[in-house]
Amino acid sequence: NAGVTQTPKFQVLKTGQSMTLQCAQDMNHNSMYWYRQDPGMGLRLIYYSASEGTTDKGEVPNGYNVSRLNKREFSLRLESAAPSQTSVYFCASSEFRGLGSPLHFGNGTRLTVT
Amino acid sequence: AQSVTQLDSQVPVFEEAPVELRCNYSSSVSVYLFWYVQYPNQGLQLLLKYLSGSTLVESINGFEAEFNKSQTSFHLRKPSVHISDTAEYFCAVRVNNAGNMLTFGGGTRLMVKP
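Here the structure is a predicted model, which is why all the values come from computation and not from measurement.

Colleague: Can you break down the side chain of Ser 59 of chain B residue by residue, with the values?
Modeller: Residues and elements named next belong to chain B. In this structure, Ser 59 sits in the loop between strand E7 (56-58) and strand E8 (64-68). Residue Ser 59 is classed as buried on the basis of its relative accessible area of 12%. Separated by 2.6 Å, the side chains of Ser 59 and Asn 61 make a polar contact. Beyond its immediate stretch of four places on either side in the chain, Ser 59 contacts Leu 47 and Leu 48.

Structural data, given as structure tokens:
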């Protein structure tokens, strides 16, 4: 049981380049999330998808777009990367968006924008 | 909007000593509280959670946390730490509102020394 799988694990981009971070979960979870982790700031929510077919902005959505391709997959796209987007990106899923439903995280994608 | 403060960014401690990682939150409504642990180069894993009922909650590996409503705190404690407890620990809060989003603190790096 793989849980939440993210690809790639590492990526270096030049300013202005675009890329898509992929995420897939095999737990039949309804809700999926994208977070970024920066030193001293914890994790901040970029976008989430409460269920298949819906997406909503989180705390820091600017510069990003998402697609909930199907129940399993939730991708994050950077259309024109900026150095401020250098971060570690985590995808997570939960069975529901309910209050007690814990999040299951992938191992992260470390992105550097030069 | 709610916020979560983890007062210590780093906590060095010797093996077999007790430890307390502090977490305070700001919210005037009912909250649901979580502690997550992140080992090096991995995603976050749920350590324990408080939803309702007994204010003292325990994890399977000896950690415990106590919900204190009057002090708006949810400190994490362990009476005797091991080298393997070295990791970063994140406190998180979820509030019963329309967003239901999980807000993370900045993290505390626990460094257990032999």
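Colleague: Explain unusual backbone geometry to me, using residue names and the numbers behind them.
Modeller: Cis geometry is found at the peptide bond from Thr 7 of chain A to Pro 8 of chain A, where omega equals -5 degrees. With respect to the secondary-structure elements, Pro 8 of chain A resides in the loop between strand E1 (4-7) and strand E2 (10-13). One non-glycine residue with positive phi stands out, namely Asn 28 of chain A, at about 60 degrees. With respect to the helices and strands, the residue Asn 28 of chain A is situated in the loop between strand E3 (19-25) and strand E4 (31-37). Phi angles above zero are rare outside glycine, and Asn 41 of chain B is one such case at about 60 degrees. Within the secondary structure, Asn 41 of chain B is located in the loop between strand E5 (31-38) and strand E6 (44-50).

Colleague: If you had to explain the environment of His 104 of chain A to someone new, which residues and values would you point to?
Modeller: Residue and element names in this part refer to chain A. Positionally, His 104 belongs in strand E10 (residues 104-105). The exposure class assigned to His 104 is partly exposed, which follows from its relative accessible area of 35%. Along the backbone, His 104 and Ser 94 are 10 residues apart, and their C-alpha atoms lie at a distance of 6.3 Å. Filtering out sequence-adjacent residues up to four positions away, His 104 remains in contact with Val 4, Met 27, His 29, Cys 91, Ala 92 and Ser 93.

Colleague: Just give me the short version of the interface of chain A and chain B, but keep the residues and values in it.
Modeller: Interfaces are often described in size by the accessible area the parts lose on coming together. Counting residues at the interface gives 22 residues for chain A and 23 residues for chain B. Summed over both sides, the interface of chain A with chain B buries roughly 1700 Å², with 55% coming from carbon and sulfur. Where chain A packs against chain B, one counts 0 salt bridges. The interface formed by chain A and chain B holds 4 residue pairs in polar contact (both at pLDDT 80 or more) in total. Taken together, the elements giving at least two residues each to the side of chain A that touches chain B come down to E4 and strand E5 (43-49) of chain A. Across the side of chain A that touches chain B, the residue classes break down as 11 nonpolar, 9 polar and 2 charged.

Basis of the calculations
Residues numbered from 1 in each chain as written. Chains lettered and ligands numbered in written order. Predicted model: local features only at pLDDT ≥ 70, side-chain atom pairs only at ≥ 80, totals over all residues. Heavy atoms only, no water. Helix = DSSP H or I, 4+ residues; strand = E, 2+ residues; numbered from the N terminus. Buried < 20%, exposed > 50% of the residue type's maximum accessible area, 1.4 Å probe, protein only. Polar contact = N/O pair within 3.5 Å; in protein donor to acceptor, adjacent residues only side chain to side chain. Contact = heavy atoms within 4.5 Å. Buried area = accessible area lost by both parts, 1.4 Å probe. Salt bridge = Lys/Arg side-chain N within 4 Å of Asp/Glu carboxyl O. Nonpolar A, V, L, I, M, F, W, Y, C, P; charged D, E, K, R; others polar.

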